[in-house]
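Structural overview for review
Given next are the chains, with one letter for each unit.
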Amino acid sequence: MARLLFFVVVAAAAALLSATGAQGFYLPGSYLPPAGSLPAQVNSLTSIDTEIPYSYYSLPFCAPLEGVKDSAENLGELLMGDRIENSPYRFKMYTNESDVFLCRSPPLASDAFALLKKRVDEMYQVNLILDNLPAIRYTKKDDYFLRWTGYPVGIRVGVDYYVFNHLQFTVLVHKYEEANVARVMGTGDASDGFPSGGKDGAAGSSGWMVVGFEVVPCSIKHSPDDVKALKMYGKFPRSIKCDPTTVSMSIKENEPIVYTYEVSFVESDIKWPSRWDAYLKMEGAKVHWFSILNSLMVIAFLAGIVFVILLRTVRRDLTRYEELDSEAQAQMNEELSGWKLVVSDVFRAPSNPMLLCVMVGDGVQILGMAVVTILFAALGFMSPASRGTLITGMLFFYLVLGILAGYAGVRVWKTIKCGDHTGWMAVSWRVACFFPGIAFLILTTLNFLLWGSQSTGAIPFSLFVILILLWFCISVPLTLVGGLLGAKAPHIEYPVRTNQIPREIPPQKYPSWLLVLGAGTLPFGTLFIELFFIMSSIWMGRVYYVFGFLFIVLLLLVIVCAEVSLVLTYMHLCVEDWKWWWKSFFSSGSVAIYIFLYSINYLVFDLKSLSGPVSATLYLGYSLFMVIAIMLATGTVGFISSFCFVHYLFSSVKAD
């Protein structure tokens with residue numbers, strides 16, 4: 001069995017590595033490109049107005065002389081819609097250039113002209129990359145500067161459309177003197193090459209490291225007739241002055257666009273390990289930190305109060321019950337101890353037990369994946385500099401933890417069946433297919449919308465095949481192995497017997513499910529602040545990096561979900577409601593409802609510019625996928641904690 005698991009895990013790693021592309025991982029300084037060149041790359045065009053990425057070369061931009069070539073991308077980048085390609089922009093290390101002619105586009109046909117205007121109206125951004133650093137743009141508002149990644153395609157002024165056809169690049173470089181200094185950095189930064197600017201070009205000599213990449217877009221009117229005889233990278237016939245406050249290059253149908261650029265290298269005190277600081281800084285950072293700290297303290301305090309009250313209540317009931325004689329116990333059973341009256345029904349099998357076991361198994365798998373992934377990210381193993389590693393890591397951990405999902409689902413099934421493991425294979429299959437099936441259905445539907453929009457966010461058919469192979473060749477076998485282990489493991493024996501005839505539940509003053517659905521407000525209070533920053537990272541193009549706080553919030557969420565579910569279960573038992581199985585699951589899983597409502601609120605008030613039914617459908621589809629995963633994970637926490645509590649409570653009572 002151990003040998004089988006070893007080969008399965010190795011196969012998972014090999015499949016994921018093969019999906020990341022043939023290009024090997026790169027340590028900065030490990031080799032030198034020809035003549036110290038700095039090739040820039042382009043990523044997908046993105047917009048917070050539509051949330052639909054498109055290829056850079058879908059617009060009439062300049063293409064490289066060697067043709068458009070895709071860079072090797074990992075699985076996470078493909079799933080996130082990144083499409084990194086080579087660009088025509090070429091720099092030489094520490095060589096300033098100005099008035100560089102790039103190209104003259106063909107005359108804009110009617111369809112290209114209409115598409116370019118549409119992309120300007122939809123506020124699409126151009127994303128450039130140099131040595132794995134995205135181009136960053138600074139704009140001044142009042143007395144402070146705003147940071148943006150990328151630059152807009154163009155701008156609309158009245159009825160006229162202007163395109164940014166001249167780019168002013170600033171490359172920040174840091175000089176190093178130590179031999180082989182770059183080889184021992186190990187920052188996890190991956191790129192296509194690290195040029196050394198040493199005089200002799202030898203490895204180990206002094207050189208320059210790229211630590212910043214800034215861009216200023218300008219709209220300058222160029223005459224197409226002046227560049228008829230120029231070739232790419234030739235000297236523009238006149239001096240170009242970039243003024244970002246004015247625009248003059250209006251686009252017109254059947255007229256070409258002339259593109260130019262300039263680049264200057266500036267020595268900086270920024271060191272290599274700190275070169276991502278400019279991207280990781282958030283506006284209002286103090287508010288972010290203090291808000292999270294305040295939320296953690298308040299929720300921890302409330303959780304402590306709930307926990308103390310619960311312990312005192314249960315201990316008081318048990319102590320009073322044990323101190324009484326048999327007649328007093330009987331009288332107490334009739335008058336006070338409602339939870340004691342359901343001793344013969346509390347472990348009665350719930351309705352749809354197989355579905356409950358399947359949801360618990362998937363919840364264990366999702367929760368385990370989240371904990372391990374966030375822990376690795378908090379420790380720095382999944383840096384934002386390594387694009388796609390977070391998604392790739394989540395997928396890998398999810399596949400491997402299928403063995404835990406199968407074990408948990410079958411173990412609960414065997415416990416409900418009082419030791420009978422018949423049907424464990426069906427449970428394992430359903431665990432392996434339930435949540436992935438839902439995800440496949442949602443993502444396939446959204447993918448058809450992206451395909452119809454010709455977006456780079458659409459998952460290629462080949463990647464679909466890879467995902468299906470990973471699912472059925474790795475996740476399903478591991479889940480079946482975990483189910484086999486769960487079937488062989490001893491079941492959890494009930495401390496009391498169950499009568500054949502179920503006890504009638506007395507009428508309640510209020511619907512019990514109303515209380516269950518309202519219980520999700522407290523877990524939601526533990527994460528709504530962090531949820532705002534996560535949503536901003538996903539939909540507003542910001543970089544999320546405070547994984548340490550996120551890990552703390554996740555642990556606190558698990559504690560609060562466990563306590564809320566435990567308290568609700570105890571309250572139901574006290575009113576002689578012994579149908580606690582599903583209610584314990586949804587009392588904590590109902591936090592997903594509030595997260596989905598918050599997502600709608602975020603769409604209405606924070607993504608006001610989101611336009612079009614396709615964009616709104618994509619947003620709601622991804623939000624639905626997220627809340628289903630959260631519901632399974634938090635519901636599993638509530639069920640397991642309630643089961644342990646009920647088992648402990650009734651094992652501490654003398655059964656009549």
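Bear in mind that the values here come from a model prediction, so they are computed numbers and not experimental data.

Focus: the overall build of the protein
Within the protein, the regular secondary structure consists of 18 helices and 14 strands. For the protein, buried positions account for 51% of its 656 residues. When contacts within the protein are restricted to residue pairs at least 6 apart in sequence, long-range pairs at least 24 apart make up 83% of them. Of the roughly 30600 Å² that the protein leaves accessible, carbon and sulfur atoms contribute 64%.

Here we look at the sheet that holds strand S6 (residues 133–134)
Pairing is antiparallel across the open sheet formed by 4 strands, whose spatial order is S2-S1-S5-S6. The open sheet has two edge strands, strand S2 (85–92) and S6, and neither has a second partner.

Quick look at a nonpolar patch on the surface
The grouping of Leu517, Ile593, Leu597, Ile600, Val604, Phe605 and Leu620 at the surface amounts to a nonpolar patch, some 590 Å² of accessible area in total. No other element matches the 5 residues that helix H17 (residues 591–605) contributes to the nonpolar patch. Inspection of the secondary structure assignment puts isoleucine 593 in helix H17. You can call isoleucine 593 partly exposed: its relative accessible area is 40%.

Here's the deal with the pairing of strand S14 (residues 258–267)
Put simply, side chains in a regular strand alternate between the two faces of the sheet. In terms of burial, S14 is largely enclosed, as 7 of its 10 residues are buried. Where strand S3 (residues 97–104) meets S14, 5 bridges bridge the pair, whose relative direction is antiparallel. Residue pairing across strands places arginine 104 opposite valine 258, the latter belonging to S14. Alignment of strand S12 (residues 166–176) against S14, held across 8 bridges, turns out to be parallel. Paired with glutamine 168 across the bridge in S14 is glutamate 262.

Scoring rules and cut-offs
- Residues numbered from 1 in each chain as written.
- Predicted model: local features only at pLDDT ≥ 70, side-chain atom pairs only at ≥ 80, totals over all residues.
- Heavy atoms only, no water.
- Helix = DSSP H or I, 4+ residues; strand = E, 2+ residues; numbered from the N terminus.
- Buried < 20%, exposed > 50% of the residue type's maximum accessible area, 1.4 Å probe, protein only.
- Contact = heavy atoms within 4.5 Å.
- Areas by Shrake-Rupley, 256 points an atom, 1.4 Å probe, with all protein chains shown as cover.
- Pairing = 2+ DSSP bridges.
- Patch = residues over 30% accessible without salt bridge, like charges linked within 9 Å, V, L, I, M, F, W, Y side chains within 5 Å.
- Salt bridge = Lys/Arg side-chain N within 4 Å of Asp/Glu carboxyl O.

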